[in-house]
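Chain and residue survey
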Amino acid sequence: IITRTHRRKWQIFPGRNRFYCNGRVMMARQTGVFYLTLVLIMVTSGLFFAFDCPFLASNLTPAIPVIGGVLFVFVLGMLFRASFSDPGVLPRATPDEAADLERQIDGANGPSGPGYRPPPRIREVVINGQTVKLKYCFTCKIFRPPRASHCSLCDNCVERFDHHCPWVGNCVGKRNYRFFYLFVLSLSFLTVFIFAFVITHVILRSNRTGFLSALKDSPVVVCFFSVWSIMGLSGFHTYLISSNQTTNEDIKGSWSTKRAKDNYNPYSYGNILTNCCAALCGILDNLFISSSSLPFLLFSSFSSISLLPPPSLSFLLHLSPSSSLPSISLPFLLFSPSSSLPCLLSSSSSLPPGAAGSLVVRICRSATEQGS
Amino acid sequence: MANTHNMQDLHHQAAVASKVYVQRDYNSGTICRFQTKFPSELESRVDRQQFEETMQTLNNLYAEAEKIGGKSYLEGCLACMTAYTIFLCMETHYEKVLKKIARFIKEQNEKIYAPLGLLLTDPIERGLRVVEITIFEDRSIGSGR
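Residues numbered from 1 in each chain as written. Chains lettered and ligands numbered in written order. Predicted model: local features only at pLDDT ≥ 70, side-chain atom pairs only at ≥ 80, totals over all residues. Heavy atoms only, no water.

Let us look at the sheet that holds strand β4 (residues 89-90) of chain A. All names here are of chain A. Spatial strand order, β4-β9-β8: 3 strands in an open sheet with antiparallel pairing. A strand with exactly one partner marks an edge of an open sheet, and here the two such strands are β4 and β8 (149-151). Examined bridge by bridge, β4 and strand β9 (residues 156-158) share 2 bridges and lie antiparallel to one another. When the bridges of β9 are listed, L90 appears paired with C157. (Pairing = 2+ DSSP bridges. Helix = DSSP H or I, 4+ residues; strand = E, 2+ residues; numbered from the N terminus.)

Below, the discussion takes up the pattern of salt bridges. One pass over the full model with this rule turns up 15 salt bridges over all chains. Between R103(A) and D100(A) there is a salt bridge, with the nearest N and O atoms lying 3.5 Å from each other. Here R103(A) pairs with D100(A), and both are found in helix α3 (residues 95-109), just 3 residues apart, close to one helical turn. In this structure R103(A) comes out as exposed when scored by relative accessible area, which is 55%. Given a relative accessible area of 8%, D100(A) falls into the buried group. For the salt bridge of R33(B) with D25(B), the shortest nitrogen-to-oxygen distance reads 3.2 Å. Given the relative accessible area of 23%, R33(B) is considered partly exposed. (Salt bridge = Lys/Arg side-chain N within 4 Å of Asp/Glu carboxyl O. Buried < 20%, exposed > 50% of the residue type's maximum accessible area, 1.4 Å probe, protein only.)

On the side of chain B, 32 residues touch chain A, which itself brings 41 residues to the contact. Joining chain A to chain B, the criterion identifies 2 salt bridges. A salt bridge links K19(B) to D96(A); the nearest nitrogen and oxygen atoms lie 3.3 Å apart. Scanning the region where chain A abuts chain B turns up 5 residue pairs in polar contact (both at pLDDT 80 or more). Among the secondary structure elements, those contributing two or more residues to the side of chain A that touches chain B are α2 (63-84), α3, β5 (122-127), α4 (177-209) and α8 (272-281) of chain A. Residue composition of the side of chain A that touches chain B, by class: 27 nonpolar, 4 polar and 10 charged. (Contact = heavy atoms within 4.5 Å. Polar contact = N/O pair within 3.5 Å; in protein donor to acceptor, adjacent residues only side chain to side chain. Nonpolar A, V, L, I, M, F, W, Y, C, P; charged D, E, K, R; others polar.)

This paragraph deals with α2(A). Taking 1.5 Å per residue, 22 residues should reach 32 Å; α2(A) reaches 31 Å between its end C-alpha atoms and fits that length. Along α2(A), the positions that sit buried rather than exposed are I64(A), G68(A), L71(A), F72(A), F74(A), V75(A), L76(A), M78(A), L79(A), A82(A) and S83(A). In this structure, the buried residues of α2(A) make contact with β3 (25-27), α1 (32-59), β11 (170-172) and α4 of chain A together with α3 (70-81) of chain B. (Expected span 1.5 Å × (residues − 1).)

In the numbering used here, UniProt assigns the feature "transmembrane region" (unreviewed entry) to residues 33-51, 63-82, 179-199 and 219-242 of chain A. Across residues 63-82 of chain A, helical content stands at 100% and strand content at 0%; the span's end C-alpha atoms are separated by 28 Å. (UniProt positions renumbered as here; feature names shortened; annotations may be inferred.)

Once that is clear, we can look at the sheet that holds strand β1 (residues 16-23) of chain B. All names here are of chain B. Read across the open sheet, the 3 strands follow the order β1-β3-β2; overall the sheet is antiparallel. Edge positions in the sheet fall to β1 and β2 (118-120), since each of these pairs with one other strand and no more. Sheet twist, expressed as the mean angle between neighbouring strand axes with direction ignored, is 20°. One ladder, built from 3 bridges, connects β2 with strand β3 (residues 130-136); its direction is antiparallel. Along β3, the bridge assignment pairs L118 with I135. (Axes fitted to C-alpha atoms, helices over the stretch in contact; angles between N-to-C directions.)

The next point concerns a nonpolar patch on the surface. Side chains of V192(A), W228(A) and M231(A) sit close together on the surface and give an oily, nonpolar patch of about 280 Å² of accessible area. Of note, V192(A) is situated in helix α4. (Patch = residues over 30% accessible without salt bridge, like charges linked within 9 Å, V, L, I, M, F, W, Y side chains within 5 Å. Areas by Shrake-Rupley, 256 points an atom, 1.4 Å probe, with all protein chains shown as cover.)

On to α4(A), then. For α4(A), which comprises 33 residues, the first-to-last C-alpha distance of 47 Å matches the rise-based estimate of 48 Å (1.5 Å per residue) to within 8%. At the C-terminal side of α4(A), G210(A) shows a positive phi close to 100°.

Residue and element names in this part refer to chain A. Relative to the helices and strands, P95 is located in helix α3. Look at P95 and you get buried, because its relative accessible area is 18%. On a C-alpha basis, the gap between P95 and K141 in space is 8.9 Å, while along the polypeptide they are 46 residues apart.

Once that is clear, we can look at the packing of helix α2 (residues 48-66) of chain B against helix α4 (residues 93-113) of chain B. Residues and elements named next belong to chain B. It is the contact of α2 with α4, at a shortest axis distance of 9 Å, that shows an interaxial angle of 170°. When the axes of α2 and α4 are compared, the pair comes out roughly antiparallel. Contacts from Q50, F51, T54, T57, L58, L61, Y62, E64, A65 and E66 in α2 reach H93, Y94, V97, L98, K100, I101, F104, I105, Q108, I112 and Y113 in α4. A per-class count over the contact of α2 with α4 returns 13 nonpolar, 5 polar and 3 charged. (Parallel < 35°, antiparallel > 145°, perpendicular 65-115°, else oblique.)

Spelled out as structure tokens, the structure:
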């Protein structure tokens with residue numbers, strides 16, 4: 001039985017995202033830290049414009065608040081774009097598609113005898129000479145494309161998954177990575193700008209009135225560590241872009257030579273400029289939100305797939321970084337006037353490579369071979 | 001009589017016999033490319049050459065959409081300088097080609113596949129994961145063509 005009903009896609013979205021403005025805004029469930037980010041940026045910039053800019057504009061040049069203003073607007077714009085857009089969520093398989101995949105997997109696997117646990121499903125594909133494993137996602141019921149990963153916080157598979165950023169309140173993936181990068185980059189310029197001119201203000205004032213009273217007149221004391229941590233993050237992402245890797249791949253050491261001597265990144269174009277161009281100027285499309293006005297067929301009877309393993313097994317198969325990443329992606333942004341939080345960026349945690357362990361039975365399937 | 005059939009008629013008159021899924025071909029990397037191998041379930045329904053031609057054209061269109069060159073670089077730089085507000089007025093190159101692909105699929109369905117009792121679903125509706133081909137039961141479609 002198929003009932004045709006004109007519900008928007010975002011209204012029946014199975015993941016854990018939240019939608020606002022009639023489906024135009026898509027964010028993660030926990031948005032508290034995002035508001036904190038917003039408040040921190042606005043308060044610090046506000047204090048800078050209110051207390052330092054009048055002095056600097058009159059004594060140095062009025063270009064300072066203008067440039068600061070442009071930077072501030074750009075930072076907020078990129079933040080909103082990174083937070084509100086679809087990171088590249090892969091829609092879950094329709095029931096028919098899932099059933100078809102199950103049939104193919106069972107066909108390749110063979111009949112299961114008594115006491116034989118169905119193995120996690122993996123397909124191998126050769127990209128640019130490097131063997132890449134495509135894992136089956138039990139939640140979304142699809143084989144994940146290369147570089148995709150399942151975010152356990154948002155409960156979606158995301159294409160070119162970088163990490164889940166609580167500061168931005170969203171996953172960072174294919175469709176919003178460039179906004180995230182520009183946000184971090186422009187924020188580092190803004191913090192350096194504010195920091196430099198606050199110091200200038202203090203110095204200029206202390207020439208007239210003495211150091212301590214100058215500090216009193218300039219209440220914005222931007223934390224030194226925060227500037228470094230934001231700059232560190234933008235440097236890290238610049239490195240990732242130039243080598244065409246995601247944070248996920250870098251942390252797991254997917255393409256590191258420590259894993260295998262002839263390991264290399266099959267997605268890299270070989271030269272830095274092309275890699276940058278691909279990451280920043282490649283395709284940009286809001287798949288999910290732009291197609292939200294299309295009618296969606298709601299199937300009222302779902303075909304039951306009884307061969308699925310229990311949810312606990314599916315958790316093992318989700319790439320573990322996504323659940324431990326909040327502690328890694330949180331380094332920057334703390335430039336509240338009195339805090340002195342150190343940088344938390346740790347890019348060298350060793351995670352177990354395929355958490356599926358002894359249950360893995362490889363289903364090798366080249367693109368041309370098909371079981372008949 | 002086949003010319004007057006449209007997709008709505010097919011839905012109402014014919015029941016869905018089965019669905020065939022053409023998966024992505026990741027051998028060239030993450031670019032969008034579908035396997036061009038002819039599915040065995042369609043053997044009785046459509047000409048192999050025709051189907052492979054459709055898939056090849058589709059692949060070429062996606063390659064065109066994702067091409068990185070001078071034009072996409074300029075578009076990216078312009079967008080960055082205007083803080084991406086320029087896309088309030090104009091479409092990205094990718095979106096333009098996606099529309100072209102939608103028109104192509106609609107045209108293929110109307111001209112070739114609907115008379116054969118098949119329906120191609122635009123891959124964008126499935127998140128560019130599969131090309132879903134719905135096979136309708138050969139009941140109401142007349143045998144004479």
